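Take a look at the letters that make up each chain.
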Amino acid sequence: MAAEHHPHTEPLSTEQYRASRPNICGPDSGPEEPFPIVMYGLVQPGFGRGSKELGCPTANLPDDAIELMASKCQHGIYYGYARVHQPPHGKPGDLEETEIEVYPMVMSLGNNPYYNNEKMTAEVHVIHEFEHDFYGHEISVLVLGYIRPELDYTSRDALKEDIATDIRVTLNSVARPTYNKYREDAHWTRAQIR
Ligand SMILES: Cc1cc2nc3c(=O)[nH]c(=O)nc-3n(C[C@H](O)[C@H](O)[C@H](O)COP(=O)(O)O)c2cc1C
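From a predicted model like this one, the values you see are computed outputs, not experimental measurements. (Residues numbered from 1 in each chain as written. Predicted model: local features only at pLDDT ≥ 70, side-chain atom pairs only at ≥ 80, totals over all residues. Heavy atoms only, no water.)

Visitor: Looking at this structure, I do not really get the overall build of the protein. What am I missing?
Guide: When its secondary structure is counted, the protein shows six helices and six strands. Scanning the protein from its N terminus toward the C terminus, one meets helices and strands in the order α-β-α-β-α-β-β-β-β-α-α-α. Put simply, the protein has 194 residues, and 49% of those count as buried. Intrachain contacts of the protein at a sequence separation of at least 6 include 77% that bridge at least 24 residues. For the protein, the exposed area adds up to about 10,000 Å²; of that, 50% sits on carbon and sulfur atoms. (Helix = DSSP H or I, 4+ residues; strand = E, 2+ residues; numbered from the N terminus. Buried < 20%, exposed > 50% of the residue type's maximum accessible area, 1.4 Å probe, protein only. Contact = heavy atoms within 4.5 Å. Areas by Shrake-Rupley, 256 points an atom, 1.4 Å probe, with all protein chains shown as cover.)

See the structure below:
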């Protein structure tokens, strides 16, 4: 495969980049350094714009969960798998069995230039239709590859369109056996991933 999975180091115009997006990211041979990266923590409340304005609910990770990845990776959009955990003694908001499975996820790491956030966040969109919120639940995330740089959009519709593309790219990318195998990994139980 071409070197399209390598993070871009030069500034790119948003429109230039949007016009030439690949459908799949990362080498076919499987995740390469520094991936896979594990993240784990209690879901934090975000600004709440993701669901309302973008139709894309996201779970924010706590600051300490982001440190390792932030030290190794540039801001950008990443893909992998995630699992929301049931609290050890039930509550808050018990989840259905189907909601605590491992699902593909797409994550934004950065300051969301479109919204001018000051603080760096890692926001995870788990690709599954959830019946319940998972605030107050712990989430395990396995980051397997890089998709694109964080872009400064001129319109919310352009950002929405690109998030839809990110979701397609994620599903294509993790469908390869060299990535899909991480879904079955034993480390998805809460005790082991910590
Ligand atoms: C897959 C994905 C891609 C994103 N790409 C960008 C981006 O390129 N530029 C940007 O400013 N924000 C990007 N965002 C972040 C959204 O702006 C963010 O989810 C929104 O601010 C909602 O956050 P909130 O729920 O904390 O309000 C992306 C989010 C996701 C889930």
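Visitor: What is the right way to look at the site of the ligand in this model?
Guide: Neighbouring the ligand are 23 residues; Arg 49, Tyr 114, Glu 123, Arg 148 and Leu 151 lie closest to it. Contact between the ligand and Glu 123: an oxygen atom at 2.5 Å from a side-chain N or O atom of the residue. Backbone polar atom of Leu 151 to a nitrogen atom of the ligand: 2.8 Å apart, as the coordinates give it. Calculation on the ligand without its partners gives an accessible area of 630 Å², and the protein chains cover 99% of this total. Of all the secondary-structure elements, those providing two or more residues to the shell around the ligand are α2 (49–54), β4 (102–110) and α4 (156–174). Looking at the shell around the ligand residue by residue, the classes come out as twelve nonpolar, six polar and five charged. (Near = heavy atom within 4 Å. Polar contact = N/O pair within 3.5 Å; in protein donor to acceptor, adjacent residues only side chain to side chain. Nonpolar A, V, L, I, M, F, W, Y, C, P; charged D, E, K, R; others polar.)

Visitor: Would you explain unusual backbone geometry in this entry?
Guide: Phi is mostly negative for residues that are not glycine, and the peptide bonds are mostly trans. The omega torsion across Glu 33 and Pro 34 is 5°, close enough to zero to call that bond cis. With respect to the secondary-structure elements, Pro 34 resides in the loop between α1 (14–18) and β1 (37–42). Looking along the chain, the bond that leaves Phe 35 and enters Pro 36 is cis, with omega of 0°.

Visitor: Looking at this structure, I do not really get helix α3 (residues 63–72). What am I missing?
Guide: An α-helix turns once every 3.6 residues. As a result, residues three or four positions apart point the same way. Among all positions in α3, only Ala 65, Ile 66 and Met 69 are buried. When α3 is viewed along its axis, its buried side chains cluster within an angular range of 85° and face the same direction. The outward face of α3, more than 90 degrees from its buried face, is lined by the exposed residues Asp 64, Glu 67 and Ser 71. Lining the buried residues of α3 we find β1, β3 (76–84), β4, β5 (121–126) and β6 (138–148). (Arc of directions from axis to C-beta.)

Visitor: Looking at this model, I keep getting lost on the sheet that holds β5. Mind explaining?
Guide: Working definition: the strands of a sheet are paired by backbone hydrogen bonds and lie parallel or antiparallel to each other. If you walk across this open sheet you meet the six strands as β1-β6-β3-β4-β5-β2, and the pairing is antiparallel. The open sheet is flanked by β1 and β2 (59–60), the only strands paired with a single partner. Here β4 runs beside β5; their pairing, made up of six bridges, is antiparallel. Along β5, the bridge assignment pairs Gly 110 with Thr 121. In this fold α3 packs onto β1, β3, β4, β5 and β6, with an angle of close to 150° to the strand it touches most, β1. (Pairing = 2+ DSSP bridges. Axes fitted to C-alpha atoms, helices over the stretch in contact; angles between N-to-C directions.)

Visitor: Explanation requested: the confidence of the model for the protein in the structure shown.
Guide: Atomic detail in the predicted coordinates should be set aside for any region of low pLDDT. Confidence along the protein averages 86 in pLDDT terms, with 87% of residues attaining 70 or more. Per-residue pLDDT, averaged within each element of the protein, yields its smallest value for helix α6 (residues 190–193) (50) and its largest for helix α5 (residues 177–180) (97). In the predicted structure, residues 1–6 sits below a pLDDT of 50 and forms 14 contacts with residues beyond four places in sequence or in another chain. (pLDDT = per-residue confidence, 0-100.)

Visitor: When you look at the nonpolar core in this model, what are you seeing that I'm missing?
Guide: Soluble globular proteins tend to bury their nonpolar side chains together. One finds Met 39, Met 107, Ile 139 and Val 143 to be the most contacted residues of the largest nonpolar core, which totals 27 residues. Contributing elements (two or more residues each) for this core: β1, α3, β3, β4, β5 and β6. Counting 15 residues, the second-largest nonpolar core is a separate cluster that includes Tyr 79, Ile 127, Leu 142 and Trp 188. (Core = buried A, V, L, I, M, F, W, Y, C linked by side-chain atoms within 4.5 Å.)

Visitor: Looking at this structure, how should I read the packing of aromatic side chains?
Guide: For any pair of aromatic rings, the description rests on two quantities: the centre-to-centre distance and the angle between the ring planes. The full count for this structure, using the stated rule, is five aromatic pairs. Each member of the aromatic cluster is reached from another via a ring pair, and the members are Phe 35, Tyr 78 and Tyr 146. (Phe/Tyr/Trp six-rings, centres within 6.5 Å; stacked < 30°, edge-to-face > 60°.)

Visitor: Where do I start with the pairing of β3 in this structure?
Guide: Looking down a regular strand, the side chains alternate between one sheet face and the other. Among the nine residues of β3, nine are classified as buried, and the element is accordingly described as predominantly covered. With eight bridges joining them, β3 and β4 adopt antiparallel strand pairing. The partner of Ala 82 across the bridge, within β4, is Tyr 103. Relative to β6, β3 runs antiparallel, the two being bridged by eight bridges. Within the sheet, the bridge partner assigned to Tyr 79 lies in β6 and is Gly 145.

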